[in-house]
Amino acid sequence: MIGLISATAAGAAARDRLAAAWPDRTRVYDGGAGEAVRAAFAECEQLVCFLATGAAVRLLAPLLGDKTADPGVVCVDEGGRFAVSLLGGHGGGANELAREVGGLLGAEPVVTTATDAVGLPGLDTLGLPYEGAVAAVSRALLDGEPVALAAEVPWPLPALPFSPEGAYTVRLTDRAVAPGEREVLLRPPSLVVGVGASRGAPADEVLALVEEALREAGLSPRSVAELATVDAKSEEPGVVAAAERLGVPLVTYPAAELAYVAVPNPSGAPLAAVGTPSVAEAAALARGGELLVPKRKSVRADGRPAMATCAVARRPGRGRLAVVGLGPGARDLLTPRATAELRRASVLVGLDQYVDQIRDLLRPGTRVLESGLGAEEERARTAVEEARRGHAVALIGSGDAGVYAMASPALAEASDDIDVVGVPGVTAALAAGAILGAPLGHDHVSISLSDLHTPWEVIERRVRAAAEADIVVTFYNPRSRGRDWQLPKALAILAGHRDPATPVGVVRNASRPDESSRLTTLGGLDPATVDMMTVVTVGNTATRSIAGRMVTPRGYRWQEEPK
């Protein structure tokens, strides 16, 4: 919950805007500012104070305890100009909250945390449990001192300026080791504990078995991602309680699925009881990995038969491929989600001219793999290969990456051994349509006139189908120096079904500094004025030119000519 505190009418007005926008996330604290701050500090995970920073500091100072436990605090001036991350920038989430508040209120977020200020992700913000000298290693990164990455377990991290060797180290490990004096340990969630249990098995027995297995194998409990078992044990109280006390989810699998998992120690007992020759080992290995601890049984102090079994597997980190659409070119048409993915990636793959558009958004240490025109399949293969090596990869394309861009060749290469995320972007057709007016107000289709990958016979058949169906058509790749006859041919096909006065919109370099556009007609368009940077939109029989804008009515009944 986010506590909201204000002291004046101006502050209350901004406070109420925030409360209205986030009714389920916020609680307004009325009364005197001092009393309100004390109550919110004790009850909420975060605070937004509409106060002067000096006043906020004086009120907060006596309440401060441990920065890992104190709430994050954002201070907004009463003019609503700035949203200052005051306390708990990382641990309390105040940096991100300042950005959210700023976006909602139109205020400038002010973040002074050193790593954020220079574009480095904080070691304590990577979403992984951490131990060790976070402040010292972060300072070394900030000062440009060599910091080595020791990845004992591959895991997709955002870009950081690591060196092959250094006096400081960031170690990715699931082993139960203590950090060195100049070392930070990051604990990836790489361990899966498979558990089997008899009916009524005590939670203490299950938990003691798991903790002992991890301890004897030298593995860290902080890297346990989940407890896994068979569906029949999904509500077994001792297993459920053990997962809760470990703070991890309980994942279950059908017995028929576990029966097909190859394990070193199958047994007839679980086969008879639940329908699979292995529960603990099979559940640990159900999604692949390496078995680190074979099945072992609990030991009871009273000498009675064991009621629990467990096994531990290491599941390799899955690489991550984000296929990112950059939009038509303007920075303000690049979506926030696309920006976040660019900053999350440690490897960027893309066409050189697209990389140049967003190079300033990349974090220090991002490895950039760029190439020239005509290497789409090679870029797709490279991106997938980098993701398979366990990296966080962003593969970029203009417009929407799924429209005449990089998503299809990349997904044709990718299998289920990596995570794939698609990030939509504003397409050239949409950008051009917004400039022209509303030409895509009803059914429409996009057709590429490039026959480099598609035979012209296929393209012509599609153009003819659109013409006969009276659908608005947007032509991509309409004309180049070596392909100058395709656009006239396509226009001639449309002219066989539409009046010469049909509106046609021509937009070149939509949203870019040298953008140009014009509205003409099917009979008046000169194909020689069109090039590969141009999008051509041809209206249907209902499309009209109204006040210099191209408009296709939404209704399913053709509208009469406007009076």
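Everything here concerns the structure above.
Source: prediction; values computed, not measured.

Visitor: So, the overall build of the protein chain: which residues are in play, and what are the values?
Guide: Along the protein chain, the regular secondary structure elements total 18 helices and 28 strands. If you line up the protein chain on its principal axes, its C-alpha atoms span 95 × 70 × 50 Å. For the protein chain, the residues scored as buried account for 47% of the 563 residues in total. Just so you have it, the protein chain exposes about 26300 Å², and 52% of that area is on carbon and sulfur atoms. If the 56 positive side-chain charges of the protein chain are averaged to one point and the 67 negative ones to another, these points end up 1 Å apart.

Visitor: So what's going on with the sheet that holds strand 26 (residues 534-538)? Residues and values would help.
Guide: Two strands in a sheet stick together by hydrogen bonds in their backbones, pointing the same way (parallel) or opposite ways (antiparallel). Pairing is mixed in the open sheet, where 5 strands are placed in the order 22-23-26-24-25. With partners counted over all chains shown, the strands left at the sheet margins are strand 22 (444-448) and strand 25 (516-521), one partner each. With strand direction ignored, the average angle separating the axes of adjacent strands in the sheet is 20°. When strand 24 (residues 503-508) meets strand 25, the two strands line up antiparallel, connected through 6 bridges. Residue pairing in the sheet places Val507 in a bridge with Ser517 of strand 25. Contacting strand 22 and strand 23 (472-476), helix 17 (residues 456-469) runs over the sheet at an angle of about 160° to strand 22.

Visitor: So what's going on with the packing of aromatic side chains? Which residues, and what values?
Guide: What the rule picks out here adds up to 2 aromatic pairs. Arranged with centres 4.8 Å apart and planes meeting at 55°, the rings of Tyr404 and Tyr476 form a pair that is tilted. Of the two residues, Tyr404 is situated in the loop between strand 19 (392-397) and helix 15 (407-413) and Tyr476 in strand 23; the sequence distance between them amounts to 72 residues. What makes Tyr476 buried here is its relative accessible area of 11%. Aromatic side chains Trp456 and Trp485 sit 5.1 Å apart centroid to centroid with 70° between the ring planes, which places their arrangement in the edge-to-face category. Of the two residues, Trp456 is situated in helix 17 and Trp485 in the loop between strand 23 and helix 18 (486-495); the sequence distance between them amounts to 29 residues. The cationic tip of Arg25 hangs over the ring face of Trp22; the distance from NZ or CZ to the ring centre is 4.3 Å.

Visitor: An account of helix 4 (residues 94-105) is requested, with residue identities and associated values reported.
Guide: Counted at 1.5 Å a residue, the expected span for helix 4 with its 12 residues is 16 Å, and the 16 Å between its end C-alpha atoms agrees. Where helix 4 is concerned, the buried positions are Ala94, Asn95, Leu97, Ala98, Val101, Gly102 and Leu105. Viewed along the axis of helix 4, the buried residues span an arc of 160°, placing them on a single side of the element. Trailing helix 4 by a residue or two, Gly106 shows a phi angle of about 75°, which is positive.

Visitor: Which residues make up the environment of Ala428, and what values do they have?
Guide: Relative to the elements of secondary structure, Ala428 occurs in helix 16 (residues 428-436). Among the residues examined, Ala428 registers a relative accessible area of 23% and is labelled partly exposed. Sequence separation of Ala428 and Ser511 is 83 residues, and the distance between their C-alpha atoms is 9.1 Å. Apart from residues no more than four positions distant in its own chain, Ala428 is found in contact with Tyr476 and Val535.

Visitor: Requested: an account of a negative patch on the surface, with residues and values cited.
Guide: Together, Glu376, Glu377, Glu385 and Glu413 make up a region of like negative charge exposed at the surface. Sorting elements by how many residues they give to the negative patch places helix 14 (residues 376-388) first, with 3 residues.

Visitor: Please give an account of the nonpolar core that cites residues and values.
Guide: One broad rule of soluble globular proteins: the nonpolar side chains tend to lie buried together. Grouped together as the largest cluster of nonpolar side chains are 23 residues, with contacts concentrated most on Val193, Val195, Leu214, Leu227, Cys310 and Val312. Among the elements of the structure, strand 11 (191-197), helix 7 (203-217), strand 12 (224-230), helix 8 (237-246) and strand 15 (308-314) are those that each provide at least two residues to this core. Ile447, Leu449, Val463 and Leu494 belong to the second-largest nonpolar core, a separate cluster that totals 21 residues.

Visitor: Give a description of the pattern of salt bridges that names residues and reports values.
Guide: One pass over the full model with this rule turns up 30 salt bridges. The partner of Asp204 in a salt bridge is Arg245, with the nearest N and O atoms 2.8 Å apart. In this pair, Asp204 is assigned in helix 7 and Arg245 in helix 8, connecting sequence segments 41 residues apart. Look at the salt bridges and you will find they share partners, linking Glu152, Arg171, Arg175 and Glu183 into a network.

Visitor: Got a sec to walk through helix 1 (residues 9-21)? Specific residues and values, please.
Guide: Side chains of residues three or four places apart in an α-helix project in the same direction, reflecting 3.6 residues per turn. Over its 13 residues, helix 1 extends 18 Å from the first C-alpha to the last, a length consistent with the 18 Å expected when each residue adds 1.5 Å. Where helix 1 is concerned, the buried positions are Gly11, Ala12, Ala14, Arg15, Leu18 and Ala19. The buried residues of helix 1 all sit within an arc of 165° when viewed along its axis, so they share a single face. Residues of helix 1 that are exposed and point more than 90 degrees away from the buried face comprise Ala9 and Ala20.

Visitor: Give me the sheet that holds strand 20 (residues 419-423): which residues, what numbers.
Guide: If you trace the 5 strands from one edge of the open sheet to the other, you get 18-17-19-16-20, paired in parallel fashion. Whereas interior strands pair on both sides, the edge strands pair on one side only; in this sheet they are strand 18 (367-371) and strand 20. The average angle at which neighbouring strand axes cross in this sheet is 15°, direction not considered. Note that strand 17 (residues 347-351) and strand 19 share 3 bridges and pair parallel. Opposite Leu348, over in strand 19, you have Ala394 as the bridge partner.

Visitor: Could you give an account of the packing of helix 1 against helix 4, with specific residues and numbers?
Guide: Two elements in contact, helix 1 and helix 4, have axes separated by 11 Å at closest approach and are oriented at 105°. Overall, the two elements helix 1 and helix 4 adopt an arrangement that is roughly perpendicular. Across the interface between the two elements, Ala14, Arg17, Leu18 and Ala21 of helix 1 pack against Val101, Leu104 and Leu105 of helix 4.

Visitor: Can you lay out the side chain of Arg15 for me, pointing to particular residues and giving the numbers?
Guide: Along the chain, the position of Arg15 falls in helix 1. If sequence neighbours within four positions are ignored, Arg15 has contacts with Leu4, Ser6, Val28, Asp30 and Phe50.

Each value, and the rule that gives it
Residues numbered from 1 in each chain as written. Predicted model: local features only at pLDDT ≥ 70, side-chain atom pairs only at ≥ 80, totals over all residues. Heavy atoms only, no water. Helix = DSSP H or I, 4+ residues; strand = E, 2+ residues; numbered from the N terminus. Buried < 20%, exposed > 50% of the residue type's maximum accessible area, 1.4 Å probe, protein only. Areas by Shrake-Rupley, 256 points an atom, 1.4 Å probe, with all protein chains shown as cover. Lys, Arg positive; Asp, Glu negative; His and termini not counted. Charge placed at Lys NZ, Arg CZ, Asp CG, Glu CD. Pairing = 2+ DSSP bridges. Axes fitted to C-alpha atoms, helices over the stretch in contact; angles between N-to-C directions. Contact = heavy atoms within 4.5 Å. Phe/Tyr/Trp six-rings, centres within 6.5 Å; stacked < 30°, edge-to-face > 60°. Lys NZ or Arg CZ within 6 Å of the ring centre and 35° of its normal. Expected span 1.5 Å × (residues − 1). Arc of directions from axis to C-beta. Patch = residues over 30% accessible without salt bridge, like charges linked within 9 Å, V, L, I, M, F, W, Y side chains within 5 Å. Salt bridge = Lys/Arg side-chain N within 4 Å of Asp/Glu carboxyl O. Core = buried A, V, L, I, M, F, W, Y, C linked by side-chain atoms within 4.5 Å. Parallel < 35°, antiparallel > 145°, perpendicular 65-115°, else oblique.

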